[in-house]
Amino acid sequence: MLQFIVRRLAFLVFTLLIVSVVIFSVTEVLPGNAARSILGAEATEQSVAALEERLGLDRPAWERYVDWLFGAAQGDFGESLRMNVPVGPLILERLGNSLALAGMALLISVPIAITLGVIAGLRQGKPEDHAISVGTLAGVSMPEFVVGVVLILVFASTLSILPASSLMEPDQNPFSNPAILVLPAVTLLAVTLAHTTRMTRASMISVMQTDYVRTALLKGLPWRRVVLRHALPNALLPTITIIAINIGWMIGGLIVVETVFSYPGLGQLTIRAITNRDVPLMQAVALLITFIYAFANLIADVLYTILNPRIRY
Amino acid sequence: MLYQQHNPERQRALGGITVHHSTIAGSHEHGHGGQPPGEPGPDANASYDYGVDDTETPSVFRQIIRTPGVAIPGAILLMFLLIAVVAPLIAPYPPTEFHSGRSYEGPSADFLLGTDQFGRDILSRVLVGTRSIFLVSFSATAFGVLLGTLVGLTAGYYGGKTDEIVMRIADAVMSFPSLLLALFVLTMFGPAVINVIIAIGIVFIPRVARIIRSVALDIRTNQFIQAAEARGERGVYIILREMLPNAWPPIIVESSIRVSYAILISASLGFLGLGVQEPTPDWGLMISQGRNVIAVAPWNVLAPAVAISALVISTNLFADGLSRILLAGGRVEGANE
């Protein structure tokens, strides 16, 4: 077990190294001229060269990569080209905002999802199962921006009970005005809720078909007791993993949801970095997001192994 | 030449996607029957049966027709496809035509779904927008599934070091969240339709490769592969002529699922402003622009939102049903994004 975790951690480090090379080469080497893209097409050769020197772009790529990597390992990602602030504290603040949003969405969606999934799984083939299954399939397939925009249409512009955008002051805590969290959280929640429900349903169905559940029922134990004490704990194993994997899905969701609601989180910062060609910011955000994603996957794997003794590595 | 036999369990050690393998391999138990009647089988003796019972299985097409849960979304998809083909003929106006002085008009006899900020007809733009979403999602899926299948079959067939290296690279690529990877590729190449296709294709390659590899590991254990090896066939021949024809059911299922993801990602990229660019009509972009005027001209958002919802839901229902028909038990939910 320990060996497995160590191996997975080693792979995480290896992955992050590859990812850092990819991120660095994509943002620094390939588009070639970061300086020109900042100054615009009309800039003179001299001004481009001057800016390149200021940014250190005249040095060889591998040297800049090593510098960047060591800086990044110490939390120093350089300075944003457009916002003129250090990247490190900026992404940390935005990360906090995004975590608040994602955390709320998870906290609300998981209990609902498990309840719905268990109901659908126990009533397989019945009308309530069909309703839940079709509803969650729609939830899985809807793009977040469509859900978000429809919610704005209903709750902000028609009913006027919730704000349409979640703009915040730079140092504002998102919980200081909970109203701005509601619509983005609900949008984000819709997708993860659907995934978790479907997963719970599938595993509930397979657990209810196992021999030990049948034995428990046949020896006369009350149905409710069999479901709650015998079936449910085992059915929840894959669900726990899927919650960890959900964090990965949420990252994609956050990029879109934060853009829809102008919520100042990591996702919105990513889009801003990309549209502004803000190279240091782009690198930092991409590395951080990939790290979170890879780490969430690692947690999912380890949890799955711990919870399922039949799998041994 | 003898190749090392593979232990399918080993795949689990490679990372989170454990459920997949067991589903596809699980249907192994159903035995290796002949091809179901009506199913064209390129290699009659070499059928690899994914749980399609050959005793009384009607053709896949009949099964689709008989299952309303698949036939109805299938019909809606066909309708969208038809619209994509004939859109310029049935659109009341050219989708990029400006009508000056008629911006943000509500639905009327002139403009059935209203107009946008330049007075362009929204109905025409939604109809013609079907084209770009089909073009992008189908091409991206074809690109990603083609390369992913080749990579997966090669890794699964050769095994050993090749497999190890290929799958580790795939794992590393998959450690980028899909949307972020697509955004990155687009940042590199700039926003253009062909680049959106490449970006989504690149996102798909490792994910498809992983699934097809697990299928290949199973196909590899069949005697006809050993027979081909004994005949002295080359690896390329075995992969393309012996393995590929037997991997069709999972490839088709994977493609149908990938199309629905491709629609989702391309629409999201359009919304983020990095997909199809103005003045080409694109649903995601229309919603992004309409969001700013949602209070005064909600029809700008509603029409593309309804279109995209109908398309993604029917694609998903169809893919879901197809996987139930082609692979016994269906594809395990949510295991691969």
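Not measured: the values here are computed from a predicted model. Residue indices begin from 1 for each chain and proceed along its sequence in written order. Chain letters and ligand numbers both follow the written order, the letters beginning at A and the numbers at 1. Per-residue local features of the predicted model are confined to residues with pLDDT of at least 70, and side-chain atom pairs are confined, for both listing and counting, to 80 or more; whole-chain, interface and lining totals are unaffected and use all residues.

Across its full length, chain A carries 12 helices and 0 strands. Here a helix means four or more residues in a row that DSSP labels H or I, a strand means two or more in a row labelled E, and each is numbered from the N terminus. Its helices and strands in sequence order give chain A the pattern α-α-α-α-α-α-α-α-α-α-α-α, from N to C terminus. Expressed as lengths along the three principal axes of its C-alpha atoms, the size of chain A is roughly 85 × 55 × 30 Å. Burial is judged by counting the other C-beta atoms within 10 Å of a residue's own C-beta: 20 or more makes it buried, 12 or fewer makes it exposed, and any count in between marks it as partly exposed, with every C-beta position built from the backbone. Relative to its 313 residues, chain A shows a buried fraction of 44%. Placing C-beta atoms from the backbone, we regard two residues as in contact once those atoms come within 7 Å. Considering only residue pairs separated by 6 or more positions, chain A has 71% of its internal contacts joining residues 24 or more positions apart.

On the side of chain B, 40 residues touch chain A, which itself brings 45 residues to the contact. Counting only elements with at least two residues in the side of chain A that touches chain B, the list comes to helix 1 (2-29), helix 6 (127-141), helix 7 (144-158), helix 8 (179-208), helix 10 (223-260), helix 11 (266-276) and helix 12 (279-307) of chain A.

Let us now look at unusual backbone geometry. Here the bond from B:E278 into B:P279 is cis, since omega is 0 degrees, no more than 30 degrees from zero. One non-glycine residue, A:S262, lies in the positive phi region at around 50 degrees. Among the structural elements, A:S262 can be located in the loop between helix 10 and helix 11. Judged by local crowding, A:S262 falls into the partly exposed class, with 14 C-beta atoms found within 10 Å.

This part covers helix 10 (residues 248-271) of chain B. An expected span of 1.5 Å times one less than the residue number is assigned to each helix. Across its 24 residues, helix 10 of chain B extends 34 Å between first and last C-alpha, which sits within 8% of the 34 Å expected from 1.5 Å per residue. For helix 10 of chain B, a buried count of 22 out of 24 residues is recorded, marking the element as mostly surrounded by other parts of the structure.

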